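Chain by chain, the residues run as shown.
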Amino acid sequence: MRKPALQAAAIAAADDGDMALVRRALAREADAFRAIIKTHNQRLYRIARGVVRNDAEAEDIVQEAYLRAFASLDAFRGDASLSTWLSRITINEALGRLRKKKRMVAMPENPEAQIIRFPLNPSNLNPGDDPERTMAQRQILGLVERATDSLPDVYRSVFVARVIEGLSIQENAEVLGIRPETVKTRLHRARALVRKALDDEIGPVLLDAFPFAGRRCDRLTQAVMKRLGFEG
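Computed from a prediction, not measured in an experiment: that's the story for all the values here. (Residues numbered from 1 in each chain as written. Predicted model: local features only at pLDDT ≥ 70, side-chain atom pairs only at ≥ 80, totals over all residues. Heavy atoms only, no water.)

### Observations regarding the overall build of the protein
Link 1 in the chain: Broken down by element type, the protein carries 9 helices and 0 strands.
Link 2 in the chain: The linear arrangement of helices and strands in the protein, starting from the amino end, is α-α-α-α-α-α-α-α-α.
Link 3 in the chain: By sequence separation, contacts in the protein at least 24 residues apart represent 72% of the contacts at least 6 residues apart.
Link 4 in the chain: Entry remark: accessible area of the protein is about 12900 Å², with carbon and sulfur atoms responsible for 53%. (Helix = DSSP H or I, 4+ residues; strand = E, 2+ residues; numbered from the N terminus. Contact = heavy atoms within 4.5 Å. Areas by Shrake-Rupley, 256 points an atom, 1.4 Å probe, with all protein chains shown as cover.)

Rendered as structure tokens:
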């Protein structure tokens, strides 16, 4: 079997797996909901975090996105992958929050609170969330995160989805509701801006940016399951 045939078979198998999970979730199987959440937590969090640039708000957005998705799960037909479908719901929720925030910032009560940065100060980090990082890694990630945060909104969402999270150009277009050509144009500009900010120090460390694992993943999973009515 040639490579394209193998890829097609893998995609078909993944689609079948999506539909099987959806059917089980529609039957209110707790394990199905938990599997969906744990499988997609990291991607959805990274996408939300890339849009709103705030850890806590990103978690809240992902929770709301799951609840919206599960409330309309019977509408999922498998035309796109479950991952793409959930990503689209998440980014719409995140962009909605961002638009609302911009309206509220028009007359801010505390102007100094407008800039929200990653919790890169070691004294502000929970060691249990990222025990594998050395201080040097944190400093490098800090450069990447600040450079990404500095991108204009229109470029940042494309950049996070494609470069950090690994969505294809087509998936990116579907999630954002724009043409693939537009994704390519924005991505090119975003890369140029980040490259300038980092002075060609991007490297493969991008793959480790915006981590989502351990306690945060478990906490979000438990919160969504509780809101769905599954205890424990």
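### Some remarks on the pattern of salt bridges
Link 1 in the chain: Inspection of every chain in the model, using the stated rule, returns 11 salt bridges.
Link 2 in the chain: With its nearest N and O atoms 3.0 Å apart, the salt bridge here joins Asp 218 to Lys 38. Placement of Asp 218 in helix α9 (residues 214-227) and of Lys 38 in helix α2 (residues 30-52) is noted, with a sequence separation of 180 residues between them.
Link 3 in the chain: Classification of Lys 38 as partly exposed rests on a relative accessible area of 39%. (Salt bridge = Lys/Arg side-chain N within 4 Å of Asp/Glu carboxyl O. Buried < 20%, exposed > 50% of the residue type's maximum accessible area, 1.4 Å probe, protein only.)

### What to know about the packing of aromatic side chains
Link 1 in the chain: Following the criterion strictly, the structure yields 3 aromatic pairs and no others.
Link 2 in the chain: Pairing Phe 33 with Phe 70 gives two aromatic rings, centres 4.8 Å apart and planes at 85°, and the pair type is edge-to-face. Of this pair, Phe 33 sits in helix α2 while Phe 70 sits in helix α3 (residues 55-71), placing them 37 residues apart in sequence.
Link 3 in the chain: Given a relative accessible area of 3%, Phe 33 falls into the buried group.
Link 4 in the chain: Measuring from centroid to centroid gives 5.8 Å for Tyr 66 and Phe 70, while their planes differ by 15°, and the two rings are stacked. Taken together, the residues span about one helical turn, with Tyr 66 and Phe 70 both in helix α3 at a distance of 4 residues. The residues Tyr 66 and Phe 70 share a single accessibility class, namely buried.
Link 5 in the chain: One aromatic cluster in this structure is built from Phe 33, Tyr 66 and Phe 70. (Phe/Tyr/Trp six-rings, centres within 6.5 Å; stacked < 30°, edge-to-face > 60°.)

### Side note on the packing of α2 against α3
Link 1 in the chain: Viewed as axis vectors pointing N to C, α2 and α3 meet at an angle of 130°, and their least axial separation amounts to 8 Å. With respect to α3, the axis of α2 lies oblique. α3 is crossed by α2, and the crossing has right-handed handedness. Contacts between α2 and α3 involve Phe 33, Ile 36, Ile 37, His 40, Asn 41, Leu 44, Tyr 45, Ala 48, Arg 49 and Val 52 from the former and Asp 55, Glu 57, Ala 58, Glu 59, Ile 61, Val 62, Tyr 66 and Phe 70 from the latter.
Link 2 in the chain: Residue composition of the contact of α2 with α3, grouped by class: 12 nonpolar, 2 polar and 4 charged. (Axes fitted to C-alpha atoms, helices over the stretch in contact; angles between N-to-C directions. Parallel < 35°, antiparallel > 145°, perpendicular 65-115°, else oblique. Left-handed = near helix turned anticlockwise from the far one by under 90°. Nonpolar A, V, L, I, M, F, W, Y, C, P; charged D, E, K, R; others polar.)

### Some words on the nonpolar core
Link 1 in the chain: Grouped together as the largest cluster of nonpolar side chains are 54 residues, with contacts concentrated most on Tyr 66, Phe 70, Trp 85, Leu 86 and Phe 159.
Link 2 in the chain: For this core, the leading source of residues is α2, giving 10 residues. (Core = buried A, V, L, I, M, F, W, Y, C linked by side-chain atoms within 4.5 Å.)

### A look at the confidence of the model for the protein
Link 1 in the chain: Confidence in the prediction for the protein averages 75 pLDDT; 69% of positions are at 70 or higher.
Link 2 in the chain: Within the protein, the element-level pLDDT minimum falls on helix α1 (residues 3-26), averaging 65, and the maximum on α3, averaging 93.
Link 3 in the chain: Counting interchain partners and residues more than four positions distant, the pLDDT-below-50 stretch residues 3-14 has 1 contact.
Link 4 in the chain: Confidence drops under a pLDDT of 50 for residues 105-133, and excluding neighbours within four residues, the segment shows 33 contacts in the predicted structure. (pLDDT = per-residue confidence, 0-100.)

### So, the side chain of Glu 57
Link 1 in the chain: Tracing the sequence through the fold places Glu 57 in helix α3.
Link 2 in the chain: Note on Glu 57: relative accessible area 17%, which makes it buried.
Link 3 in the chain: Beyond its immediate sequence surroundings of up to four residues, Glu 57 is in contact with Val 52, Arg 97 and Lys 101.

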